[in-house]
Amino acid sequence: MTDKELNLVEHLGELRKRLIISSLAFLVFLVIGFVYVKEIYLFFMGNLGYKLLILGPSDIMWIYFHIAAVVAGAGTIPVAAWQGWLFVKPALKPMERKIAFAYIPALFFLFIAGMAFGYYFIFPNIMKFLIHLSNDMMTTSFTADKYFSFLINMTLPFGVAFELPLVAMFLTTLGIVNPYRIGKLRKYAYFILVIIASMISPPEFISHISVAIPLILIYEISVVLSKIVFKRKQARIQAIHADEEPFTD
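Residues numbered from 1 in each chain as written. Predicted model: local features only at pLDDT ≥ 70, side-chain atom pairs only at ≥ 80, totals over all residues. Heavy atoms only, no water.

## Topic: the overall build of the protein chain
When you go through the protein chain residue by residue, the secondary structure sums to 9 helices and 0 strands. Starting at the N terminus, the α and β elements of the protein chain follow one another as α-α-α-α-α-α-α-α-α. Within the protein chain, the fraction of its 249 residues that count as buried is 35%. When contacts within the protein chain are restricted to residue pairs at least 6 apart in sequence, those whose partners lie at least 24 apart make up 82%. For the protein chain, the accessible surface area stands at approximately 16000 Å², while carbon and sulfur atoms represent 71% of it. (Helix = DSSP H or I, 4+ residues; strand = E, 2+ residues; numbered from the N terminus. Buried < 20%, exposed > 50% of the residue type's maximum accessible area, 1.4 Å probe, protein only. Contact = heavy atoms within 4.5 Å. Areas by Shrake-Rupley, 256 points an atom, 1.4 Å probe, with all protein chains shown as cover.)

## Points about the packing of aromatic side chains
Centre-to-centre distance and the angle between the planes together describe a pair of aromatic rings. A complete count under the given rule lists 15 aromatic pairs for this structure. Each residue in the set Y41, F43, F44, Y119, Y120, F123, Y147, F148 and F150 is aromatic and connected to the rest through ring pairs, giving one cluster. (Phe/Tyr/Trp six-rings, centres within 6.5 Å; stacked < 30°, edge-to-face > 60°.)

## Examining the nonpolar core
L52, F123, F148 and V211 are the most contacted members of the largest nonpolar core, which totals 33 residues. Only α2 (37-45), α3 (57-88), α4 (94-134), α5 (144-161), α8 (186-200) and α9 (205-244) provide two or more residues apiece to this core. A per-element tally of this core places α5 first, with 8 residues. Setting aside chain neighbours within four positions, we find F148 in contact with Y41, F44, L52, I63 and I67. Membership of the second largest hydrophobic core comes to 16 residues, among which are I77, W85, I152 and M169. (Core = buried A, V, L, I, M, F, W, Y, C linked by side-chain atoms within 4.5 Å.)

## Description of the environment of Y190
Relative to the elements of secondary structure, Y190 occurs in helix α8. In this structure Y190 comes out as partly exposed when scored by relative accessible area, which is 28%. Residues within four places of Y190 in sequence aside, it is in contact with I216, Y219 and E220. Side-chain polar atoms of Y190 contact the side chain of E220, separated by 2.3 Å. (Polar contact = N/O pair within 3.5 Å; in protein donor to acceptor, adjacent residues only side chain to side chain.)

## Describing the packing of α2 against α3
Two elements in contact, α2 and α3, have axes separated by 10 Å at closest approach and are oriented at 90°. In terms of their interaxial angle, α2 and α3 are classed as roughly perpendicular. The segment α2 lies against α3, with V37, I40 and Y41 engaging I63, Y64, I67 and V71. Grouping the amino acids of the contact of α2 with α3 by side-chain chemistry returns 7 nonpolar, no polar and no charged. (Axes fitted to C-alpha atoms, helices over the stretch in contact; angles between N-to-C directions. Parallel < 35°, antiparallel > 145°, perpendicular 65-115°, else oblique. Nonpolar A, V, L, I, M, F, W, Y, C, P; charged D, E, K, R; others polar.)

## Things to note about a nonpolar patch on the surface
On the surface, a nonpolar cluster with roughly 530 Å² of combined accessible area is contributed by F34, I54, I60, M61, Y64 and F65. Looking at the nonpolar patch element by element, the count peaks at 4 residues for α3. By secondary structure assignment, the location of I60 is in helix α3. Accessibility expressed as a relative area gives 37% for I60, which makes it partly exposed. (Patch = residues over 30% accessible without salt bridge, like charges linked within 9 Å, V, L, I, M, F, W, Y side chains within 5 Å. Salt bridge = Lys/Arg side-chain N within 4 Å of Asp/Glu carboxyl O.)

## Brief notes about α2
Taken residue by residue, α2 has V37, I40, Y41, F44 and M45 as its buried positions. In an axial view of α2, the angular spread of the buried residues amounts to 140°, which keeps them on one side of the axis. Opposite the buried face of α2, at more than 90 degrees from it, the exposed residues are K38 and L42. One or two positions beyond α2, positive phi appears at G46, with a value near 55°. (Arc of directions from axis to C-beta.)

Below you can see the structure in the form of structure tokens.
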């Protein structure tokens, strides 16, 4: 077996190790989610004012599993980021290692911030609007299945979206992403984000706009921050080259 093949086998073995650790972390947080599922359920009920309905015994397990899975996903983010950093660490320069390491806790906090934004701003406003549409013509009563599906669709995408600026900055630092090229794809990005917004929000115009606008703003923030990182990186490279130039009279 050649040295190249050995390196490939070693990399695959290392990747497998990192994936196993991340998967075990997910299972641990999944169990924790199940242990505290009642408290989490009551928290997500918020100020609804009445108990939710279920149409079958299996709905209970479905709701418990989805609540625990969201908790597990949030808890696994820093672990998976840490394992990813350990995997790419040997290929990074010392400065890149420090920057990548600093991003790990930020990923978790941005995910929580995005979930909070969806839960405290997007979700209640759309709920109020949709309930107001009934205009006392209908009795408002939700099944637990529908309620939590709607809740997850309104919060989870924002948890992921809030991480995009940080991911863009990191990829720009590594030289994988060029922010100016991303900026040129703006119209296509807007189109995709509007489609995503229409898929995760209720089928009416106000909800689509309420979700699409924050996603577009996050995209623009990602581009701006990526440009800042790109310019600083270019300035450092120019400074290094200037220091390396031989002194002439």
